[in-house]
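Analysis of the macromolecular model
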Amino acid sequence: MGTLFSQLKGCIAFLGYVVNTLFWVVPIMLGSLIKLIPLPPLRTAISYFLDFCASAWISVNGVIERVLHSVDVELTGDTQFSTKEWYMVIANHQSWVDILILQRVFNRRIPFLKFFLKQELIYVPVLGLAWWALDFPFMRRYSTAQLKKNPKLKGKDIEITRKACAKFKTKPVSVMNFVEGTRFTKAKHKKQNSQFQHLLKPKAGGMAFALSAMGEQIHKLVDVAIYYPGPVPSFWDYLTGKLPKVKVHIKVSNIAPDMRGDYVNDRDFKISFQEQLNELWLAKDQVISQLAGQADQEVR
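Residues numbered from 1 in each chain as written. Predicted model: local features only at pLDDT ≥ 70, side-chain atom pairs only at ≥ 80, totals over all residues. Heavy atoms only, no water.

1. Focus: the overall build of the chain
What the chain contains, in helices and strands, is ten helices and eight strands. The C-alpha atoms of the chain give 20 Å as radius of gyration, which agrees with the globular expectation for 300 residues (19 Å, within 12%). Principal-axis analysis of the C-alpha atoms gives the chain an extent of 60 × 50 × 40 Å. Within the span of the chain, comprising 300 residues, buried residues form 47% of the whole. Here the contacts in the chain between residues at least 6 apart in sequence split such that 75% fall between residues at least 24 apart. Within the structure as shown, the chain displays about 15,900 Å² of accessible surface, and the carbon and sulfur contribution to it stands at 60%. (Helix = DSSP H or I, 4+ residues; strand = E, 2+ residues; numbered from the N terminus. Rg over C-alpha atoms; globule rule 2.2 N^0.38 Å. Buried < 20%, exposed > 50% of the residue type's maximum accessible area, 1.4 Å probe, protein only. Contact = heavy atoms within 4.5 Å. Areas by Shrake-Rupley, 256 points an atom, 1.4 Å probe, with all protein chains shown as cover.)

2. Let's talk about the sheet that holds strand E3 (residues 113–115)
If you trace the six strands from one edge of the open sheet to the other, you get E1-E8-E7-E2-E6-E3, paired in mixed fashion. Because the sheet does not close on itself, it has two edges, and the strands there are strand E1 (72–77) and E3. When the angles between neighbouring strand axes are averaged without regard to direction, this sheet yields 25°. Here strand E2 (residues 87–91) pairs with strand E6 (residues 174–177) via four bridges, running parallel. (Pairing = 2+ DSSP bridges. Axes fitted to C-alpha atoms, helices over the stretch in contact; angles between N-to-C directions.)

3. Here we look at the pattern of salt bridges
Counting across every chain of the model gives seven salt bridges. The partner of Asp135 in a salt bridge is Lys35, with the nearest N and O atoms 2.6 Å apart. Of this pair, Asp135 sits in the loop between helix H4 (127–133) and strand E5 (138–139) while Lys35 sits in the loop between helix H1 (2–34) and helix H2 (40–68), placing them 100 residues apart in sequence. Assessed through its relative accessible area of 16%, Asp135 is described here as buried. In this structure, Arg104 and Glu65 form a salt bridge, with 2.4 Å as the shortest nitrogen-oxygen distance. Taken together, the residues Arg104 in helix H3 (residues 97–106) and Glu65 in helix H2 connect sequence positions 39 residues apart. The exposure class of Arg104 is partly exposed, given its relative accessible area of 35%. The structure contains a network of salt bridges with shared partners spanning Asp51, Lys114 and Lys171. (Salt bridge = Lys/Arg side-chain N within 4 Å of Asp/Glu carboxyl O.)

4. What to know about the side chain of Asn177
By the secondary structure assignment, Asn177 is in strand E6. Take Asn177: its relative accessible area is 7%, and that puts it in the buried class. Once you skip the residues sitting within four places of it in the chain, Asn177 turns out to touch Met88, Val89, Ile90, Ala91, Phe116, Gly206 and Met207.

5. With respect to the nonpolar core
Core analysis: the biggest nonpolar cluster contains 50 residues, and Val89, Ile101, Leu102, Phe106, Phe115 and Val224 have the highest contact counts within it. Broken down by element, the residue count for this core peaks at nine residues, all from H2. Not counting residues up to four positions away in its chain, the partners in contact with Leu102 are Ala91, Leu113, Phe115, Met176, Phe178, Val224 and Ile226. Counting 36 residues, the second-largest nonpolar core is a separate cluster that includes Trp86, Met214, Ala225 and Tyr227. (Core = buried A, V, L, I, M, F, W, Y, C linked by side-chain atoms within 4.5 Å.)

6. Some points on the packing of aromatic side chains
What the rule picks out here adds up to eleven aromatic pairs. Ring geometry for Tyr263 versus Phe273: centroids 6.1 Å apart, planes at 85°, classification edge-to-face. Of this pair, Tyr263 sits in the loop between strand E8 (245–254) and helix H10 (267–299) while Phe273 sits in helix H10, and the two are ten residues apart along the sequence. Both residues of the pair, Tyr263 and Phe273, belong to the buried class. Taking 5.8 Å as the distance between ring centres and 50° as the angle between the ring planes, the aromatic pair formed by Phe269 and Phe273 counts as tilted. In this pair, Phe269 and Phe273 both sit in helix H10, four residues apart, roughly one turn of the helix. Residue classification places Phe269 among the buried residues on the basis of a relative accessible area of 9%. Owing to a relative accessible area of 0%, Phe273 belongs among the buried residues under this scheme. Between Lys171 and the ring centre of Tyr48, over which it is positioned, the NZ or CZ distance is 4.7 Å. (Phe/Tyr/Trp six-rings, centres within 6.5 Å; stacked < 30°, edge-to-face > 60°. Lys NZ or Arg CZ within 6 Å of the ring centre and 35° of its normal.)

7. As for H3
H3 sits mainly inside the fold: eight of its ten residues count as buried. Restricting attention to buried positions, one finds in H3 the residues Val97, Asp98, Ile99, Ile101, Leu102, Gln103, Val105 and Phe106. Just downstream of H3, Arg108 is the residue with a positive phi angle, here 65°.

8. Things to note about unusual backbone geometry
Located in the positive-phi region is Arg108, a residue other than glycine, with phi close to 65°. In this fold, Arg108 is placed in the loop between H3 and E3. Here the phi dihedral of Asp135 falls at roughly 65°; this positive angle occurs in a residue that is not glycine.

Structure follows, in structure tokens:
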């Protein structure tokens, strides 16, 4: 009976999220059309309006969660933020649920999160259009085979990143990057022969390009470690209440000047940036081990 009830609540929650999404997508899309008018003050004003709508969208999602499938988010570390600051947010990635947890933790505490998304996601029904309207940066990555076949594509992905991030110079923003590039699985971890216990190897390029494109405006790094005490949840697990608790640790630091440079043409900078990111990842790996140890003690 309990399982049937949780499935029913999951269906109701999913329906609630769909209705809430459709409700807010309408003003977001209308606002995005107005933003096409080439008047900078108008575009800036509409950008604030769109972010307000997006934050309201997330807030209503939060109400649905609390009523139908409440999740206990245990937050540790730094918790002082500002909506007037520019942030680079990085986190480990295990599930689509990560995004929902991050939105809950940071909504209305920092500028609305803009995620780096794969180009293919723009075709996701409804959501793809909403992400485009909200200026989410869509990334196009070219394989080695594609570059060999068409050398003119070299550097195009960098230019796309630079143009996407240039939009964020006129108002405070939080740029979110899952620097592992994909969700963690044991199979991927083994295939990479990763030196980290809980993480895949970080990919430095996207983060380096974003920092370079945004210049001195973005100078705060928000490093997030997410740990699920039980099995990594799917979206359906989240909806049906199978995620009772998640641990989130946050560290805020200044972005060092030597983390900005020419990642493509300056080999020394590229090596230095990769080393600094690896050090951040080693520290995150240790934090996740500590969170796992705490969870084990709570079970005993």
